[in-house]
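# Structure at a glance
The residues making up each chain are set out below.
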Amino acid sequence: QVQLVESGGGLVQPGGSLRLSCAASGNIFGLYAMGWYRQPPGKQRELVATITSGTSTNYADSVKGRFTISRDSDKNTMYLQMNSLKPEDTAVYYCNYRNYLGNYWGQGTQVTVSS
């Protein structure tokens, strides 16, 4: 099993920034990709950004140019730097970890963008 713990969420004003972290532990061999997903209130979960074991990245159109995904292999930690936040970014953000054994999810962290 892989355990994922997200942190860094909170309340921020429009135009502000937050940095989310996802710490992975357990059986973390053979990483394929990690990613961030989010679920806005009343909506389905959607992809935000992914990063592969080769550090190739992919972003949803709605966050391109504003969000940056990265990972630190030595710390087994993934990050999501979120800049120029908008009210529509309000959601529960989930960490996802895929390796050869399975597909794992964290519990989520709330991000609220409001004035």
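Above this text sits the structure in question.
This section reports on the structure supplied with the text. Only a predicted model underlies this, so the values are computations on that prediction, with no experimental measurement involved.

## So, the overall build of the protein
What the protein contains, in helices and strands, is zero helices and eleven strands. In the protein, the order of α-helices and β-strands from amino to carboxyl end is β-β-β-β-β-β-β-β-β-β-β. What you see for the protein is a C-alpha radius of gyration of 13 Å, in line with the 13 Å of a compact globule of 115 residues. When the backbone C-alpha atoms are referred to their principal axes, the protein occupies close to 40 × 25 × 25 Å. Put simply, the protein has 115 residues, and 42% of those count as buried. Of the contacts formed within the protein by residues at least 6 apart in sequence, a portion of 54% connects residues at least 24 apart.

## With respect to unusual backbone geometry
Located in the positive-phi region is T55, a residue other than glycine, with phi close to 70 degrees. With respect to the secondary-structure elements, T55 resides in the loop between strand 5 (46-52) and strand 6 (57-59). Positioned with a positive phi, S84 is a non-glycine residue whose angle comes to about 50 degrees. Examined against the element boundaries, S84 turns out to sit in the loop between strand 8 (77-82) and strand 9 (91-99).

Conventions and cut-offs
Residues numbered from 1 in each chain as written. Predicted model: local features only at pLDDT ≥ 70, side-chain atom pairs only at ≥ 80, totals over all residues. Heavy atoms only, no water. Helix = DSSP H or I, 4+ residues; strand = E, 2+ residues; numbered from the N terminus. Rg over C-alpha atoms; globule rule 2.2 N^0.38 Å. Buried < 20%, exposed > 50% of the residue type's maximum accessible area, 1.4 Å probe, protein only. Contact = heavy atoms within 4.5 Å.

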